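Report on the structure
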Amino acid sequence: MVLILGVLLLCAPLLAAQTSFPINGDRVETVKGRGLLVRTKPAGARVYIDGIERGQTPLELPDLRSACYSIRVSKSGYEERELRVHVSGEGRLELDLELWALAGRILLTVRAEAESAFSVPARRPDLFIDGSAPLEDRALEGIRFGNAGRFPAPGIPPRIPGGQVYLVSAGSRLAAVVPVSASQWVYDLYVPIGLRRIRVRAFGRREARTTLTVESGKTLTVTLDLPPAAFHLSPGRLSRAAFNPANTGTLGSTGLSFEVSAPGRGLFSVLDREGRLIYSRELTPFTTWSQEAVWDGRNQEGEIQEDGPYTLQVEAYPSTGPAGKPEAPQRFSRQVLIDSSLVIYPLTLFAAMPGLFYTPSPALLPPGAFQTEFSLLFGQTPMDRDAAAPGGIPVELAFRYSPLKNLELAGAVDLFFAGDNTSPWGFSLSLKRPFTGSGEKAGIALLGAFSWAQDMKKSPQREGASLIVPMSFDVAGGLSLLLAPGVFWSAWERPEPRPLLSLGSLYRRGMVSAEISLRGELDISRAVKGGPPLDLFSSAGVTLNPPPSNLVFGLAGGLWNRTPGPAVFGVFSLGLIF
């Protein structure tokens, strides 16, 4: 009894991890299992138990016997953690420890003095450390000093007793920025020890770089100057080398992106194939590096231009010099093509067969265009009729992409979140090659598709291969009729192929599309046995592609009419097309 009491008195304060400086990121928990599990942030720290190295984190020791242990965690560049724990035989002790990096202090002064009355003072410069994104202003309360555990109050510079080290949370870089004047700033930085590359830039100024060796507990004082930069206009790049102004929103325009090095102004112009000016406008004054000029394929009067090549041109001028005379303009130009056959509009991507819900379309995306779609099915699905398949939520993530001219790839992944902690899934892939241009009144293509499902009773995906010939016929006023004969074969369901025929109509008016589709599958073997020979699938839906965004919203509903009975469903979809 005395021995047990002694052990309890020794280990009672140690049932949870104890350390000389507890950190909010630590976690101690006893879970089902045996032994000890040690994890650190960051990982890769060496773990010593009672002075013996046992491995690197994450470290699991399931056979560690019940006792009290002294644990030391060490990683180069970080403060060591020491603690004592009690491992019992009633569960597994899990330790999650946050390591604080040994750090040094850098007092960095950045100067961007105006050299003349005509020089433009810089904004607060952007600071990068080891290529990271610019630092944000942050108070210094996240820093602590050695094992004393003292946190300075927010915004108050710390007073550091001699002999202590700086520590910062793993991976962080804390900074306070003090504006000394309109053109001078002091950055108070605390960064992990080691070789650090610092880069400072400001619009209208030449970039400055330096490399420093940061030591624990020491302060480096550095000054960097940012002299004014000469004005330079970089060659631009087009977002679309060819486009159709009749497409909605950003799909019916092209953007010309370019960069400048200093403040200035510019003129954007469009010339036709004869070199005549058909559109121009003043660009907003340059206040940052990245600039963009967008053209929607219209002239100065707002009229859509005819198909053909056009020249986009940018002329840029730097700020006025001391003599009051502008310097010679810098300019560049790029060729763009207006092509009315490049029709980009969203299609339903169910089962990776772009078109209407049950009727594939021969329409093709232009090369480089991309569409994604997330769909959520609701209502009664065919799976709900099977007593062995519990209720669940079928979802689908699909895409279509045109890597080359006259070729389109589509794919879809289906997940069925069932109530029994299982999530059967399936996937579909398809390739489509059209035989007519997308701008023609009638279109025809060849589409091959393959689908696989982990559990057919619980997945909306049907296993098998399809070969379909989608056809479309433009009637008038945005109305198209679609026809898609084909064959479906699934060795998992029936050994023989099944003929199928899909019919549909699509009405497009600006940003709105409405569709109706019907698909029938003929099962000859079932007809021989006296059963219903035809499975029918029908749907109706509407799609919204509001300009100028690239978002696509869809809502559809339909009916499965298969043995042993019908099922009604609904679909909500959200996607992007660009």
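Refer to the structure printed above.
What this report covers is the structure whose coordinates are included nearby.

Conventions we followed
- Residues numbered from 1 in each chain as written.
- Predicted model: local features only at pLDDT ≥ 70, side-chain atom pairs only at ≥ 80, totals over all residues.
- Heavy atoms only, no water.
- Helix = DSSP H or I, 4+ residues; strand = E, 2+ residues; numbered from the N terminus.
- Buried < 20%, exposed > 50% of the residue type's maximum accessible area, 1.4 Å probe, protein only.
- Contact = heavy atoms within 4.5 Å.
- Areas by Shrake-Rupley, 256 points an atom, 1.4 Å probe, with all protein chains shown as cover.
- Salt bridge = Lys/Arg side-chain N within 4 Å of Asp/Glu carboxyl O.
- Core = buried A, V, L, I, M, F, W, Y, C linked by side-chain atoms within 4.5 Å.
- Pairing = 2+ DSSP bridges.
- Axes fitted to C-alpha atoms, helices over the stretch in contact; angles between N-to-C directions.
- Phe/Tyr/Trp six-rings, centres within 6.5 Å; stacked < 30°, edge-to-face > 60°.
- Polar contact = N/O pair within 3.5 Å; in protein donor to acceptor, adjacent residues only side chain to side chain.

Check the secondary structure of the chain and you find two helices and 39 strands. A total of 578 residues make up the chain; the buried ones form 44% of that total. Restricting the contact set of the chain to residue pairs at least 6 apart, pairs at least 24 apart contribute 59%. Surface accessibility of the chain: about 28,500 Å² in total, with carbon and sulfur atoms responsible for 59%.

Looking now at the pattern of salt bridges. For the structure shown, the criterion picks out 24 salt bridges. Here Asp225 ties to Arg111 by a salt bridge, and the two come within 2.7 Å at their closest N and O atoms. With Asp225 in strand β18 (residues 219-225) and Arg111 in strand β10 (residues 100-111), this residue pair connects regions lying 114 residues apart in the sequence. On the basis of relative accessibility, which here comes to 44%, the residue Asp225 falls in the partly exposed class. Arg111 gets classed as partly exposed once you look at its relative accessible area, which sits at 32%. Note that Arg519 and Glu521 form a salt bridge whose closest N and O atoms lie 2.7 Å from each other. With relative accessibility at 11%, the residue Arg519 sits in the buried group. Each of Arg27, Glu29, Arg39, Glu60, Arg92, Glu94 and Asp96 takes part in a single network of salt bridges with overlapping partners.

Looking now at the nonpolar core. Leu36, Ile49, Tyr69, Ile71, Val85, Val87 and Leu95 are the most contacted members of the largest nonpolar core, which has 25 residues in total. When contributions to this core are tallied by element, the ones reaching two or more residues are β3 (36-41), β4 (46-49), β6 (59-61), β7 (67-74), β8 (81-87), β9 (92-98), β10 and β13 (166-169). Top element by residues in this core is β7. It accounts for four residues. Sequence-distant contacts of Leu36, that is, excluding residues within four places in its chain, are made with Ile49, Leu59, Glu60, Leu61, Leu64, Ile71, Val87, Arg92, Leu93 and Leu95.

Spatially, four strands are ordered β2-β9-β3-β6 in an open sheet, and the strand pairing comes out mixed. Whereas interior strands pair on both sides, the edge strands pair on one side only; in this sheet they are β2 (27-31) and β6. Taking the axes of each pair of neighbouring strands and ignoring which way they run, one obtains an average angle of 10 degrees across the sheet. In terms of strand pairing, β2 meets β9 through five bridges, oriented antiparallel. Each residue of the ladder has a partner; that of Val31, found in β9, is Arg92.

Another aspect to go through is the packing of aromatic side chains. Throughout the structure, instances matching the rule amount to 19 aromatic pairs. Their ring planes at 35 degrees and their centres at 6.0 Å tell us that Phe427 and Trp452 sit as a pair that is tilted. Note that Phe427 is positioned in strand β30 (residues 425-434) and Trp452 in strand β31 (residues 442-453), a separation of 25 residues in sequence. Looking at Phe427, the relative accessible area reads 25%, which means it is partly exposed. We classify Trp452 as partly exposed; its relative accessible area is 26%.

For Ser269, the position within the fold is in strand β22 (residues 264-271). On the basis of relative accessible area, Ser269 is assigned to the buried category, the value being 7%. Excluding its chain neighbours within four sequence positions, the residues that come into contact with Ser269 are Leu277, Tyr279, Ser280, Thr311, Leu312 and Gln313.

Here the focus is the side chain of Arg92. Positionally, Arg92 belongs in strand β9. The buried category is assigned to Arg92, whose relative accessible area is 17%. At 2.5 Å, the side chain of Arg92 forms a polar contact with the side chain of Glu94. Other than its neighbours up to four places away in sequence, Arg92 contacts Glu29, Thr30, Val31, Lys32, Gly33, Arg34, Gly35, Leu36, Leu37 and Glu60.

Further remarks concern the pairing of β31. By the alternation rule, side chains of β31 split into Gly443, Ala445, Leu447, Ala449, Ser451 and Ala453, which are all buried, and Ala442, Ile444, Leu446, Gly448, Phe450 and Trp452, of which none is buried. Relative to β31, β30 runs antiparallel, the two being bridged by nine bridges. The partner of Arg433 across the bridge, within β31, is Leu446. Of the pairings in the sheet, the one linking β31 to strand β33 (residues 471-476) comprises three bridges and is antiparallel in character.

Each strand in a sheet pairs with another by means of backbone hydrogen bonds, the pair being arranged parallel or else antiparallel. Ordered by their spatial adjacency, five strands build an open sheet running β20-β26-β25-β22-β23, and the pairing between neighbours is mixed. Every other strand in the sheet has two partners, leaving β20 (242-243) and β23 (277-286) as the edge strands with one partner each.

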